[in-house]
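A structural walkthrough
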Amino acid sequence: MESTTSVSKGVFLFPNGYNNGKKSKKKSLSIFESTFSNELWYTSFKRNWDAVEDQLKILHEMTHSVLLNDIVSYLKIAQQGSELNSCDKIIPCITLLTGVNQPDHVDQFKSLIGLIREDVSPHVVMVNSQDAPTLKHLVENTVWQLVNDDNLVDDLEESFDESHKPKLKKSRCTMKTLQSWYNDNLVKSPKKWKKSQHSLVVIIPDFESFNSNVLQDFVMIISSYISTLPVVLIFGVATSVSALHKSFPYQVSSKLLIKVFHSQPSHVYMNQVLENIFLTHSSPFHLSGKAFELLTDVFLFYDFSVTGIIQSIKYCMMDFFYADNIKSLCGDREELNAKISKLTSDDLENIRRLLSFRPFLEVQDCQTKIGLFEDDNFFKEILQEELHNLHDYLFSFYLSLRLLAVFVKDLPKNVMGKSVREIYAKCAAEHIVKTEAFKESMQLINFQSKVQLLETIQSAIEVVNNALQNTSPGPLRSPTKNMLNKSINSLGEEFVKNIKIHFAIFRRQIGNASTEVTVQEEDDDDFDLRGSRYKLKEKLLKATRVDRVQSEFMMIRSRFVNYLEEIFEKSLLPPHTQTFHEILFFTEVSNVKKQIIGAPRGALHVALSNPQCYLQCKCCTLPALESVSDTIPDVSLAYKLHRECGKHINLYDWLQAFAAILCPDSEDPAHDTNIQVRFTRAVAELQFLGFIKTSKRKTDHVMRLTW
Amino acid sequence: MHLGNNHDSASDDSPATPRRTVRVRNKPKKYQDFFEKTPTKSRISTRYGNVTSDDSTDDDELNIETLTLKPKALFGSDDVEGQDMFKFKSRHTKLDLQNKVKEAIGSPIPSTPKTPKRNKHLVTKDEATPKQVVNLLKKRIIKKLESDSEESDFSASSSDFVPDKSENESSSDSNSETEAVEKEIGPMVRNKCHKSKQKDSEYIVTPDNYFMMNSSKKITTSDHTLARLKNMNLNENLKEMDAHISKEHQNRITDLLHGYNELFDKWLYVLGENFNIILYGIGSKREVLHRFQIEKLKSVPCIIINGFFPSLMIKNVLEAIVVDLLGNSHVPSNLSDVVNLIDSQLKERLTDLFLIIHNIDGTMLRNSKAQSTLASISELKNVHTIATIDHINAPLLWDHSKLSKYKFSWWDITTFLPYTEETSFENSLMTQRSGALQLSSLKSVYQSLTTNARGIFNIIIQYQLENQKQNYQGLPFKDLYSKSREQFLVSSELALRAQLTEFLDHKLVKFKRTLDGSENLVIPIESVLLQQFLEQQST
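Residues numbered from 1 in each chain as written. Chains lettered and ligands numbered in written order. Predicted model: local features only at pLDDT ≥ 70, side-chain atom pairs only at ≥ 80, totals over all residues. Heavy atoms only, no water.

Scanning chain A for helices and strands turns up 32 helices and 11 strands. For chain A, the proportion of its 707 residues judged to be buried stands at 52%. Sequence-distant contacts in chain A: of pairs separated by 6 or more residues, those separated by 24 or more amount to 75%. A total accessible area of about 33,000 Å² is found for chain A, and carbon and sulfur atoms account for 53% of it. (Helix = DSSP H or I, 4+ residues; strand = E, 2+ residues; numbered from the N terminus. Buried < 20%, exposed > 50% of the residue type's maximum accessible area, 1.4 Å probe, protein only. Contact = heavy atoms within 4.5 Å. Areas by Shrake-Rupley, 256 points an atom, 1.4 Å probe, with all protein chains shown as cover.)

And the structure:
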């Protein structure tokens, strides 16, 4: 360790056999691959995560495509109109309101660039604020990227042999260079480039981070060139359009023809990601209610970043798979049997130890119990069976979840929440049918009008159809004549088909049902009510006593609600009631919570005020958090004493107190050099930790930096 | 978190910090006002309870919205209580420390949970304390009272101090009285909470307290200085002495470290998935990281960065990567160019680079440029960063976008090992106060001066020592000139200025401009040190 301490150097390099000169020809495995690639869980994690990433990519393109296509089509229009604007020196400008979740924007702009390259113009540049602190840098960067664009070298005439030409130096990149480059390459060689492909797109992704003067000047410069250089600006604005207007005075903003586009709010995108990728039966692993709540809380209360939540989910998944071969059972259902056969007896032993196996075991008879423990093959069979059941359960669980979401979505007050994720969090935590909110929602459905109910049933049927379409065709599993199988056979695809039929019937019945209340009572009270309040009262009282006669619709409706309750009761059992749910559900949220949202200050505080918490020693038992003893570490003692002081701390008094606690019997402990050194060290460490700093206000005083 | 990530929720009545007022006082009016005005969540919830029966209105909906927008899983019962950490202690008296000491040595580890605030209880227990301790304390208090005459703004109590045992009581009484203000907060908040049973409405920042604490300009501490210690010469002793850790603790720390060894494989796994690792918790984490490097990173290029190194530049880090490791001739000036270069070269050579940053919150890395550079490099797929933080405000370094680049996973690695290396540089309080470095640099500069220049410097020192007071304005240039002329040290103002440039360059002297425009000369070194310096020169 001594090699990394020096009074003249702060950075130490350990090449560790890294050879700079020659490239190693053979593909050497990276350190990670060589460490983990032999592990079953690692490969299975890799495979599953890659699958998720692919899905994410598709979803990402899908969600952004509408907006990006809008932008691109606007760009095309702007190109055609550019001749009109150029005489007024007006730059076409797109303002994209991106929202505050900046980490997500990178991807969005990347796909935008790709799309523009394809459809509008190959000349696209993106300049980040960190690369352009001044106008000079901004212009240089823009021009350099445009002129030296690698993508163009191939596209332009090969005979030109541009690759031999040295790249332009940055310092020589000015607007003039750009103009001559533009004239040389694009105007004079029009055979490949249609006139409309000439526009140069400059993207400024983080408008707010730029110095507004720099941007003002930049806009003014471009506007003076606009007659010869068809530039289009794209600003990514995180806050609101007013940011643009605030930072540009009239003479600048009058040069811009601004068109505003709104990108999707990040929470909508998050809901999409969660619903389409993670809250499906095909998701490789499933988050328990608590874990799910934690991640959505981090999103909603800290960063609003979809990238962030995806990374957190990835972290959960990593933790879930880490060093646990039985997790390899996650993933595609088709491969389940093959995966089970790969398990070693150690892995099987681990599965037997799962908590959820116990209730399952208890209901078995003695013979089966012995079989489960003694015979690995028999156990594998059962495991396979149960896991298929679990998958069936998942399928109907997520379907019912979506159905429930459809039904409660339009209810007043939103007792259950609006989105699928909110309802999932509730369902995963407890048996939803038993909650007040569920009962209330069912009651509310019981008050819905015919039209509305028909609509919701219709959309529910669509949900069911979608779910059925997405499942793989053909039988999911061969029917086995197992005893255990029959009892739970009610879930899965059959169950869903059943729902579909029932819904269709209900829809027809409700559609046909009349809403008329068949009146039984004869209206014989047509007499004049005027002036006789008493009689009116009498009549109303009587009306209340008469049993409310239900219409046909009402009866069917209540039957329908009963049916809903029935299916939800069956299918929305919380995951933790299922056998072997640990294999597919991530439950150890407390493990990852600390690593996803660290609590450095809390850890410091705990360690200093109660060292025993970490040290687990016998000597430091403190009666209260604030009390001190002579055994606790010096820094902790100094910390506790300093908490008794005000803003300024007299070092001498502090030392006295410190010394008196350490050596209560000594006559003058503060003069003991040993104590002095210990105290000084403790004080220096507190300063290093940021609790105190030196103060010039009074001799030998330090200032406290905390309250 | 993010963003500081102090997820330390406040919780219900904290049994760990029971505060009892000795005298019941009315709540300060301001505080009550404040509380009424604060839209705490508890009130929303009670309102919500009422309106559910009514028909829904917009207002109603709004309430529900606020209700549902409560973090459900962010805060757990095992979190540290925010009140513990961030609570204002509005008034401090010089006796707080003494009470603490008294409590500690007076009743060594009492069986009943006792807090230092129960002063009365404590004093009555004094009988039980050993005689010698009482005497000792008495002596100390007397000494203290004699020496500080004017401190503290509690004139009533400090004026009639009698060095007696009964005095103990009165002083602590007055002490508790002053704390009564602050103690109101505890019960108030707690009461509110019992009603609402809500965890997060518990901790309320009370801005009034902050101003109360900071309003008095006067420093209400005693006037003791370290000069009272005759043998305060730490320089020699410090280096030799090992940090004091008891046997028991040493064993426990070893256990802790062994526990952390188990994590290495997981760290590697986490790093491999493109997360970076940050370690926090008290105690030097260098040893843990060192072992990680030895055990796991033997075959891959590593760069170790001492963030606590006082003259570390971010340029050094980039040079180490770009020039020393990758063999380029120079570092591009533009950040994104550097990042692209590193990225492409590492990818091309299929190499993973590990950055081990001790104290990423070090002084020289605190600027946003350094952090954004590190963040951009750490973001790369082939670069893996393990960093440590120690400063309590370290998480404030990173904003949203930096955090998302870093992709930290946080690990509590509390070691309780001494920060020997981290605090060994001259910016730490320890060495600064002993002033050895300043003194020796002063000496060496002084020796290189001409006799005349030395004379001038002596004049400034002497003037400064003679005119010591709270805010020393410095020696006016005119006076210096006349004094120097008297001693035939200089002949013209210009010559004096030429001499002074030498001092200015070495920062031995500073120019200070006064309100009337004249220039004053100040030596930015403490007078004790100057005295010491003079003594050494004369011998």
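Let us now look at the sheet that holds strand β5 (residues 231-237) of chain A. All names here are of chain A. The strand order across the open sheet formed by five strands is β3-β4-β5-β2-β6, and the pairing between neighbours is parallel. The two strands at the open ends of the sheet, each matched to only one other strand, are β3 (124-126) and β6 (256-262). Pairs of neighbouring strands in the sheet enclose a mean axial angle of 20°, with direction left out of account. As paired strands, β3 and strand β4 (residues 200-204) are joined by three bridges and run parallel to one another. Bridge pairing links Val125 to Val202 in β4. The strands touched by helix α2 (residues 40-80) within the sheet are β2 (91-97), β5 and β6, with β6 carrying the most contacts at an inclination of about 160°. (Pairing = 2+ DSSP bridges. Axes fitted to C-alpha atoms, helices over the stretch in contact; angles between N-to-C directions.)

Time to look at the packing of helix α22 (residues 451-466) of chain B against helix α23 (residues 477-486) of chain B. All names here are of chain B. At their nearest, the axes of α22 and α23 sit 10 Å apart, and the two run at 125° to each other. Considering their axes alone, α22 and α23 lie oblique with respect to each other. Where α22 crosses over α23, the handedness of that crossing is right-handed. Counting all contacts with α22, which are made through Ile456, Ile459, Ile460 and Tyr463, the residues of α23 involved are Leu480, Lys483 and Ser484. (Parallel < 35°, antiparallel > 145°, perpendicular 65-115°, else oblique. Left-handed = near helix turned anticlockwise from the far one by under 90°.)

Residue and element names in this part refer to chain A. Relative to the helices and strands, Ile432 resides in the loop between α19 (420-429) and α20 (436-445). Relative accessible area serves as the criterion here: at 1%, Ile432 is assigned to the buried category. When the C-alpha atoms of Ile432 and Met416 are compared, they prove to be 9.8 Å apart, with 16 residues separating the residues in sequence. Once you skip the residues sitting within four places of it in the chain, Ile432 turns out to touch Leu404, Met416, Lys426, Cys427, Phe438 and Leu572.

Ranked by size, the top nonpolar core spans 233 residues in total, and within it Ile351, Leu404, Phe503, Phe568 and Trp654 of chain A carry the most contacts. No other element matches helix α18 (residues 376-409) of chain A, which puts 18 residues into this core. Residues within four places of Trp654 of chain A in sequence aside, it is in contact with Ala638, Leu641, His642, Ile649, Phe679, Val683, Leu686, Ile692 and Val702 of chain A together with Leu97 of chain B. One finds Leu146, Val147, Tyr225 and Leu256 of chain A within the second-largest nonpolar core, a separate group that totals 39 residues. (Core = buried A, V, L, I, M, F, W, Y, C linked by side-chain atoms within 4.5 Å.)

This brings us to the packing of aromatic side chains. Summed over the entire model, instances satisfying the criterion amount to 55 aromatic pairs over all chains. Ring centres of Phe397 of chain A and Tyr398 of chain A lie 5.4 Å apart, and the angle between their planes is 80°; on these two criteria the pair is classed as edge-to-face. Residue Phe397 of chain A is classed as buried on the basis of its relative accessible area of 0%. Taking relative accessible area as the criterion, Tyr398 of chain A reaches 2% and is therefore assigned buried. Ring centres 5.6 Å apart and planes at 40° place the aromatic pair Phe506 of chain A and Tyr563 of chain A in the tilted group. Of this pair, Phe506 of chain A sits in helix α23 (residues 493-512) while Tyr563 of chain A sits in helix α25 (residues 552-571), placing them 57 residues apart in sequence. Owing to a relative accessible area of 7%, Phe506 of chain A belongs among the buried residues under this scheme. Residue Tyr563 of chain A is classed as buried on the basis of its relative accessible area, which comes to 9%. Pairwise contacts between aromatic rings join Phe36, Trp41, Tyr42, Phe45, Phe285, Phe320, Phe321, Tyr322 and Phe586 of chain A together with Tyr269 of chain B into one cluster. Taking NZ or CZ as reference, Lys259 of chain A lies 5.9 Å from the ring centre of Phe261 of chain A, over its face. (Phe/Tyr/Trp six-rings, centres within 6.5 Å; stacked < 30°, edge-to-face > 60°. Lys NZ or Arg CZ within 6 Å of the ring centre and 35° of its normal.)

Next up on the list: the UniProt feature "domain: Origin recognition complex subunit 2 RecA-like" (unreviewed entry) in chain B. As annotated in UniProt, the feature "domain: Origin recognition complex subunit 2 RecA-like" (unreviewed entry) corresponds to residues 253-413 of chain B in the numbering used here. Summarising residues 253-413 of chain B: 46% helix, 17% strand, and an end-to-end C-alpha distance of 11 Å. (UniProt positions renumbered as here; feature names shortened; annotations may be inferred.)

On to the confidence of the model for chain A, then. On average, chain A scores 80 in pLDDT, and the residues at 70 or more come to 87%. Contacts of residues 153-164 of chain A to residues separated by more than four positions or lying in other chains number 12 contacts, the stretch itself having pLDDT below 50. (pLDDT = per-residue confidence, 0-100.)

Residues and elements named next belong to chain B. Close contact between helix α14 (residues 264-272) and helix α15 (residues 286-296) brings their axes to 11 Å; oriented N to C, the two are set at 75°. Relative to α15, the element α14 lies roughly perpendicular. In this structure, α14 contributes Phe264, Asp265, Trp267, Leu268 and Leu271 to the contact, and α15 contributes Val288, Arg291, Phe292, Glu295 and Lys296. Taken together, the residues of the contact of α14 with α15 break down into six nonpolar, no polar and four charged. (Nonpolar A, V, L, I, M, F, W, Y, C, P; charged D, E, K, R; others polar.)

Residue and element names in this part refer to chain A. Here β2 lies mainly inside the structure; seven of its seven residues are buried. Side chains of β2 alternate between two faces, with Ile91, Cys93, Thr95 and Leu97 and Pro92, Ile94 and Leu96 buried alike. As judged from the seven bridges shared by β2 and β6, these two strands associate in the parallel manner. Residue pairing in the sheet places Leu97 in a bridge with His262 of β6.

Attention now goes to the sheet that holds strand β10 (residues 692-694) of chain A. Residue and element names in this part refer to chain A. Spatial ordering of the open sheet is given by β9-β11-β10, a layout of three strands whose pairing is antiparallel. Strands with a single pairing partner mark the edges of an open sheet, and in this sheet they are β9 (648-650) and β10. The average angle at which neighbouring strand axes cross in this sheet is 35°, direction not considered. Pairing geometry for β9 and strand β11 (residues 701-704), over three bridges, is antiparallel. Looking at β11, one finds that His648 is bridged to Met703. Sheet strands touched by helix α31 (residues 651-662): β9, β10 and β11. Its angle to β9, the strand with the most contacts, is close to 60°.

Within this structure, the stated rule accounts for 18 salt bridges over all chains. Of the charged contacts, one joins Glu140 of chain A and Lys136 of chain A as a salt bridge, the two residues approaching to 3.5 Å between their closest N and O atoms. Of this pair, Glu140 of chain A and Lys136 of chain A both sit in helix α5 (residues 135-147), four residues apart, which is roughly one turn of the helix. Judged by its relative accessible area of 52%, Lys136 of chain A is exposed. Its salt-bridge partner being Asp255 of chain B, residue Arg252 of chain B comes within 4.0 Å of it at the nearest N-O pair. Here the residue Arg252 of chain B and the residue Asp255 of chain B both occupy positions in helix α13 (residues 247-261), the gap between them amounting to three residues, near one helical turn. Exposure remark for Asp255 of chain B: the relative accessible area of 45% places this residue in the partly exposed category. The network of salt bridges with common partners includes Lys46 and Lys314 of chain A together with Glu273 of chain B. (Salt bridge = Lys/Arg side-chain N within 4 Å of Asp/Glu carboxyl O.)

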